[in-house]
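# Inside the fold
What follows is each chain in one-letter form.
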Amino acid sequence: MYIEQGYKGKTKGLWKYFILPIGFILLIVFNYIAVKYSPISVDQMMDQLIEQWGRNTVFAFNLLQLAVGLFIVFGWTKIVHRQSITSLTTARKKIDFKRIGFSFAFWGLLTVILFAISFVLSPDDFVFNFKLRPFIILAIISLLLVPLQTSFEEYLFRGHMMQGLGLLAGNRLIPLIITSVLFGVMHMANPEVETLGYGIMVYYIGTGFFLGIITLMDEGLELALGFHAANNLIGALLVTADWTVFQTDSIYLDISKPELGWDVFVPVLVIYPLLTFIFAKKYKWKNWKEKLTGKVLKKEELTPEQLTDNVF
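These numbers were taken from a predicted model, which means no experiment stands behind them.

What counts, and at which threshold
- Residues numbered from 1 in each chain as written.
- Predicted model: local features only at pLDDT ≥ 70, side-chain atom pairs only at ≥ 80, totals over all residues.
- Heavy atoms only, no water.
- Pairing = 2+ DSSP bridges.
- Helix = DSSP H or I, 4+ residues; strand = E, 2+ residues; numbered from the N terminus.
- Contact = heavy atoms within 4.5 Å.
- Axes fitted to C-alpha atoms, helices over the stretch in contact; angles between N-to-C directions.
- Buried < 20%, exposed > 50% of the residue type's maximum accessible area, 1.4 Å probe, protein only.
- Parallel < 35°, antiparallel > 145°, perpendicular 65-115°, else oblique.
- Left-handed = near helix turned anticlockwise from the far one by under 90°.
- Expected span 1.5 Å × (residues − 1).
- Bend = angle between axes of the 7 residues up to and from the residue.

## Here we look at the sheet that holds strand β2 (residues 239-240)
Sheet architecture is open: three strands sit in the order β1-β3-β2, paired in mixed fashion. In the strand order of this sheet, the two ends are held by β1 (126-128) and β2, each with one partner. Across the sheet, helix α5 (residues 97-121) touches β1, β2 and β3 (252-254), and the angle it forms with β1 is around 105 degrees.

Encoded structure:
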């Protein structure tokens with residue numbers, strides 16, 4: 001019933017669901033073309049900006065643009081669709097913050113463990129980079145802006161776009177595929193793509209599918225919100241590299257030679273299926289085929305109670 005939450009909006013015309021996504025996609029395309037045909041590489045651009053403004057300032061600016069996007073999505077939902085943020089988030093009567101917390105804590109802890117294993121196996125690949133003052137500033141920026149940045153991506157792709165495409169297509173599979181692929185395409189201008197090649201898109205698109213699957217199976221964004229926030233927050237604070245989109249004053253720097261290796265494919269082939277299995281067991285997911293590929297109910301098939309929206 002998550003996609004059907006879109007019926008709770010009191011606006012007419014499904015086309016209004018696609019103004020924000022199309023606008024955002026056009027910005028992505030413009031950014032990609034600008035980067036692709038720029039006389040200097042993405043790495044050189046980043047180096048110049050960091051040299052001029054500092055790592056924390058560049059990091060904050062990059063996050064702030066997407067953080068503002070979250071409030072645009074919220075404003076569009078409330079003003080144009082006249083739909084509550086709760087029904088954009090979940091099919092439950094209220095947002096389940098325990099789910100967000102569990103997903104955040106579980107993936108955050110697992111991320112630290114996986115890094116520790118990598119450090120033990122290849123200690124020469126990492127340099128201790130901790131500097132108290134820059135790190136405190138980084139931590140403040142990250143705690144304030146990273147959850148807003150990741151939430152914007154979730155609410156735009158797995159929320160706003162997922163519901164709109166689902167209502168338009170009348171099934172769940174099409175929005176799952178389209179939002180997952182577009183989520184990956186969104187990252188095409190990242191410096192990682194220039195450094196590692198288009199093979200890295202397997203990771204980005206695979207992550208999109210993982211987040212889309214857990215959203216549809218759990219009938220809400222909560223697990224995806226927690227996972228995404230932990231992934232970016234822990235990554236920004238714990239370890240970064242000079243060739244990634246997040247170049248921060250993290251505790252460690254990865255100085256290994258960048259290459260498209262096993263670590264790109266293991267999350268998609270091993271870790272994400274394992275996480276999906278754990279979530280499925282904890283939250284007792286059933287009817288996989290129906291929830292992932294089944295039809296979306298028509299508005300007239302819902303009861304008045306099912307169409308009643310929340311205030312928030």
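## Observations regarding the environment of G226
Of note, G226 is situated in helix α10 (residues 222-238). Relative accessible area serves as the criterion here: at 0%, G226 is assigned to the buried category. When the C-alpha positions of G226 and H160 are compared, they lie 18 Å apart, and in sequence the two are 66 residues distant. G226 has contacts with I100, S103 and F104, leaving out every residue within four places of it along the chain.

## Some remarks on the environment of M186
Structurally, the position occupied by M186 is in the loop between α7 (173-185) and α8 (191-196). Since its relative accessible area comes to 11%, M186 is described here as buried. Each C-alpha atom, one on M186 and one on D242, is 21 Å from the other, the two residues being 56 residues apart in sequence. In contact with M186, other than residues within four places in its own chain, are F24, I28, E153 and F157.

## Thoughts on the packing of α7 against helix α9 (residues 201-218)
One way to put it is that α7 packs onto α9 with a least axis distance of 8 Å and a crossing angle of 140 degrees. In this view, α7 runs oblique relative to α9, as classed from their interaxial angle. Considering how the two elements wind past one another, α7 and α9 form a crossing that is right-handed. The residues of α9 that touch α7, namely those facing L176, I177, S180, V181, F183, G184 and V185, are M201, Y204, I205, T207, G208, F209, L211, G212, I213 and L216.

## Structural notes on helix α6 (residues 132-169)
Over its 38 residues, α6 runs 52 Å from end to end, which matches the ideal 56 Å to within 8%, given 1.5 Å per residue. The largest bend in α6 amounts to roughly 35 degrees and is located at M162. Immediately beyond the C-terminal end of α6, within one or two residues, lies G170, with a positive phi of roughly 80 degrees.

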